[in-house]
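Structural characterization, general
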Amino acid sequence: MDPATRTKNILVISRDPTLADLVHNAVDNNVSLHGAAGEAEGWNIIQEIRPEIIVLGELGSTDTVIKMYKDLREGWISRHASILIVELNEIENTHRILSDENLETGIVNYFLKEGSESPFQSAGALLPRLSEIIAEKLKSRENRLKNALQEPGGFCTIWEQIPGPGAFEKRQAAVLENARKAARRGIACAISITDNPGGNPAIATDILCAEIRKAGIDPLVHIAFRDRSRNQAESLLFQLAALDINNILVLTGDYPSDLGYAGKSKPVFDLDSVNGLRLVKEMNRGLMRTIMRKPTRLGSTDFFAGVAFSPFKQMEAEVMGQFYKMKKKVEAGADFVITQVGYDARKLHEFLMWLNERQYRIPALAGIYVLSYQVAKAMHNNHVPGCVVTEEMLRQLATESESSDKGRQARLNRAAKMYAIVKGLGFRGAYISGQNMPVESLEYIVTKGNELAGDWRSLIPEFNYPQENGFYFFKQDPETGLNSTVQALKNQAPDRPLIYEVSRASHRLFFEPDSGLFKPLQKFMRRVDASPFLYRLLHSFERWIKSLLYGCKDCGDCALFDAAYLCPVSQCPKDQRNAPCGGSYQGWCEVYPNEKQCIWVQAYVRLKSRGKEDEIGGDIVPPCNWDLWQSSSWINYFLGRDHSAQMRGIRQPDSGSADPSVKKD
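Presented here is a report on the structure given in the accompanying data block.

What follows concerns the overall build of the protein chain. Within the protein chain, the regular secondary structure consists of 23 helices and 18 strands. Referenced to the eigenvectors of the C-alpha coordinate spread, the extents of the protein chain come out at roughly 90 × 75 × 50 Å. For the protein chain, with 665 residues in total, the buried portion stands at 53%. Here the analysis covers contacts within the protein chain between residues at least 6 apart in sequence; of these, 71% occur between residues at least 24 apart. For the protein chain, the accessible surface area stands at approximately 30900 Å², while carbon and sulfur atoms represent 50% of it. Separation between the mean location of the 81 positive side-chain charges and that of the 81 negative ones in the protein chain comes to 6 Å.

Structure, rendered in structure tokens:
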């Protein structure tokens, strides 16, 4: 069993063992059944297993059952469970089943046999009725988004909502009303709530998602690490788990805008999306923490974690950088993936081919934006990072906007056609978004898209918007207009700047564990580490030379080895240690367009000069250990303290071995 998948648990609390036997016969083998003979034992088991359903039976008196029900409803762990009360009358050979729907309207009244809305029935009807109710309760508690994406041959629609700023604005009310309408019409399997898109401050997503869940549809919560330290991210995830909200989209996040209070907010980016996924998966297994000096495993969560992927890149280095990072996201435990916005069918097809070629069985959804001319201009001018609208497409939208309806019908038809194409290509769903889009537009896109799906190949020429000099991973198939199985040549010129060659030679001479100088230097570093004066002297020299060569910020947990001797802390505004974010444009950094080249584009061409560009998609690099801030990264490396040393198996002197050739288990 996947350790991230929780077992479905049912707890029977009753002094009469007959009830546990009845429940056992009413459930299938995929459910784990637990029994408790009284209230105290029941509470202990609830703490341990977090049951989906709690069945209350004979507890001595009606008052005891009523009190237990009320306590369960108020309990921190039990409050999300479905509760059944089963009364067995052995003398009259009858039974009664009371469930959440009628219990919450006045539990005391339903224990009165006269005039009760839940009358006693014959014992023969108990087992089938109990089985039916339990099955309904378990189904209602299932993750519908997860089921829809994992169902063979299924196709899922997610509708994005953007709450925006403010606490009492009409926009928030509109989001909730859209969620209710989508739930009633059954046209979406989830409502997606963005997290400060564009780096603009907005209402926290968890509040709205709790309300959306009550509306009868699953929320998908965006979690952008732009604004959160790893502690804050962990706290938010605990909060979502406590609210029984499990679908999340793990994102690096756009760089902060200038709309924050008194100016631009300080960016955090403590975790990237890859390490954010690793945190989520550890929480699903149960995080280990030291509490009162005792190792303790926390209760496991049940998150279903998605990621974003940007297939619409222009340069070879950018395209390959996205694929390298996607590889790491899959390895880190991504459960599904959603593509960024673009209108090139070949690029969407290319992504599916890449996934299939590597046998990644991760469900992919295609991003479909209902594109107005005004938004298209912003995307074309790179004001919406990661979204691509070419000059040719912008001209077409300009023409459409001159119609009597300002291009409304044209953009709905375009979205419907794209829906049909991605369904035909083999995507597992569509992620539909658009400014102020009513539920009727969503319904039109889904309905019309399904009508067109049978002839989706004829629509491919309408989504042929290649970027100028754009790189494709596969060569084009002239018959289909999509891709062949033949990989394209990678023609981007490599680069070997002097700083790269000097850094590489220095690393090979001094820092590689198999170098002849490594062990003498390691002994030297131990002596320096033991002397405050020598430590300050060496640290000052290191800081001076690395600041001069790399713009070093003295983080103490150096990632130069991981990025072709480019510093992610000082040279990447988002501190990306595991390949690029999705915001670069034509090779330029999202934050400094036309000023600074993305460091991962630089790293790619540097590594390509040695035939090592695939190293970008190699080991997952952990986040910076801020306990080492403002300390000597040289000493930390040689003494086995930083992530680079640990990845190379260099042990700390007090671990029992200083031999770098001895690997950790």
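What follows concerns the pattern of salt bridges. A full pass over the atoms with the stated rule returns 32 salt bridges. Taking the shortest distance from any N to any O, the salt bridge between K448 and E451 comes out at 4.0 Å. With K448 and E451 both in helix 16 (residues 439-452) and three residues apart, this pair spans about one turn of that helix. The salt bridge partner of R577 is D575, with a shortest N-O separation of 3.9 Å. According to the relative accessible area criterion, R577 is buried, its value standing at 3%.

A few words on the pairing of strand 4 (residues 82-89). The element strand 4 is extensively covered by neighbouring structure, given that seven of its eight residues are classed as buried. Sheet topology places strand 3 (residues 53-56) next to strand 4; four bridges connect them, and they run parallel. When the bridges of strand 4 are listed, I54 appears paired with I83. Crossover handedness for the path strand 3 to helix 3 (residues 62-74) to strand 4: right-handed.

Turning next to the side chain of R228. One can find R228 in the loop between strand 9 (219-224) and helix 9 (230-242). Reaching out from R228, the side chain makes a polar contact with the side chain of D195 at a distance of 2.7 Å. A distance of 2.8 Å separates a polar atom in the side chain of R228 from the backbone oxygen of A224. R228 has contacts with D195, I223, A233, L236, V268 and D270, leaving out every residue within four places of it along the chain.

Along the chain, V268 turns up in the loop between strand 10 (247-251) and helix 10 (273-285). On the basis of relative accessibility, which here comes to 34%, the residue V268 falls in the partly exposed class. Residues V268 and Y255, spaced 13 residues apart in sequence, show a C-alpha to C-alpha distance of 9.6 Å.

The tally for this structure, following the rule as stated, stands at one disulfide. Between the sulfur of C156 and that of C189 lies a disulfide, 1.7 Å long from S to S. Pair noted here: C156 is in strand 7 (residues 156-161) and C189 is in the loop between helix 7 (170-185) and strand 8 (190-193), with a separation of 33 residues, a long-range link. C189 carries the same exposure label as C156, and that label is buried. For C567, which is in no disulfide, the shortest distance to another cysteine sulfur is to C552 and amounts to 6.0 Å.

Tallying each qualifying case throughout the model produces 22 aromatic pairs. Seen in terms of ring centroids, Y255 and F269 are 6.1 Å apart; in terms of plane orientation they differ by 15 degrees. Their pairing is stacked. Within this pair, whereas Y255 is found in the loop between strand 10 and helix 10, its partner F269 is found in the loop between strand 10 and helix 10, the two being separated by 14 residues in sequence. Here Y255 falls in the buried class, since its relative accessible area comes to 17%. F269 sits in the buried class, given a relative accessible area of 3%. Judged by centre distance (5.0 Å) and plane angle (70 degrees), the rings of F473 and F474 are edge-to-face. On the basis of relative accessible area, F473 is assigned to the buried category, the value being 2%. Put simply, the rings of F309, F323, F351, W354, Y360, F473 and F474 touch in pairs and so form one group of aromatic residues. Over the aromatic face of W76 sits the side chain of R79, whose NZ or CZ is 4.3 Å from the ring centroid. A cation sits over an aromatic face here: K347 above Y472, 4.6 Å from the ring centre.

Bridging between strand 17 (residues 474-476) and strand 18 (residues 483-487) involves two bridges; their strand directions are antiparallel. Bridge pairing links Q476 to N483 in strand 18. Following strand 17, the chain reverses through six residues before pairing antiparallel with strand 18; G481 in that reversal takes a positive phi of roughly 80 degrees.

Time to look at the packing of helix 15 (residues 408-425) against helix 16. Helix-helix packing is characterised by the crossing angle of the two axes and by the distance between the axes. Relative orientation of the contacting elements helix 15 and helix 16 amounts to 50 degrees, with a least axis distance of 8 Å. Taken together, the axis directions place helix 15 and helix 16 in an arrangement best described as oblique. At the point where helix 15 passes helix 16, the crossing takes the right-handed sense. Residue-level contacts link R408, Q409, L412, N413, A415, A416, K417, Y419, A420 and K423 of helix 15 to S441, Y444, I445, V446, K448, G449, N450 and L452 of helix 16. Its residues placed into classes, the contact of helix 15 with helix 16 shows nine nonpolar, five polar and four charged.

Attention now goes to the side chain of K608. Within the secondary structure, K608 is located in helix 21 (residues 599-608). Judged by relative accessible area, K608 falls into the buried class, the value being 14%. Reaching out from K608, the side chain makes a polar contact with the backbone oxygen of Q492 at a distance of 2.7 Å. Every residue in contact with K608, bar those within four places of it in the chain, is listed here: E316, K490, N491, Q492, P494 and E613.

Rules of the game
Residues numbered from 1 in each chain as written. Predicted model: local features only at pLDDT ≥ 70, side-chain atom pairs only at ≥ 80, totals over all residues. Heavy atoms only, no water. Helix = DSSP H or I, 4+ residues; strand = E, 2+ residues; numbered from the N terminus. Buried < 20%, exposed > 50% of the residue type's maximum accessible area, 1.4 Å probe, protein only. Contact = heavy atoms within 4.5 Å. Areas by Shrake-Rupley, 256 points an atom, 1.4 Å probe, with all protein chains shown as cover. Lys, Arg positive; Asp, Glu negative; His and termini not counted. Charge placed at Lys NZ, Arg CZ, Asp CG, Glu CD. Salt bridge = Lys/Arg side-chain N within 4 Å of Asp/Glu carboxyl O. Pairing = 2+ DSSP bridges. Right-handed = clockwise from strand over helix to strand, strands pointing away. Polar contact = N/O pair within 3.5 Å; in protein donor to acceptor, adjacent residues only side chain to side chain. Disulfide = S-S within 2.5 Å. Phe/Tyr/Trp six-rings, centres within 6.5 Å; stacked < 30°, edge-to-face > 60°. Lys NZ or Arg CZ within 6 Å of the ring centre and 35° of its normal. Axes fitted to C-alpha atoms, helices over the stretch in contact; angles between N-to-C directions. Parallel < 35°, antiparallel > 145°, perpendicular 65-115°, else oblique. Left-handed = near helix turned anticlockwise from the far one by under 90°. Nonpolar A, V, L, I, M, F, W, Y, C, P; charged D, E, K, R; others polar.

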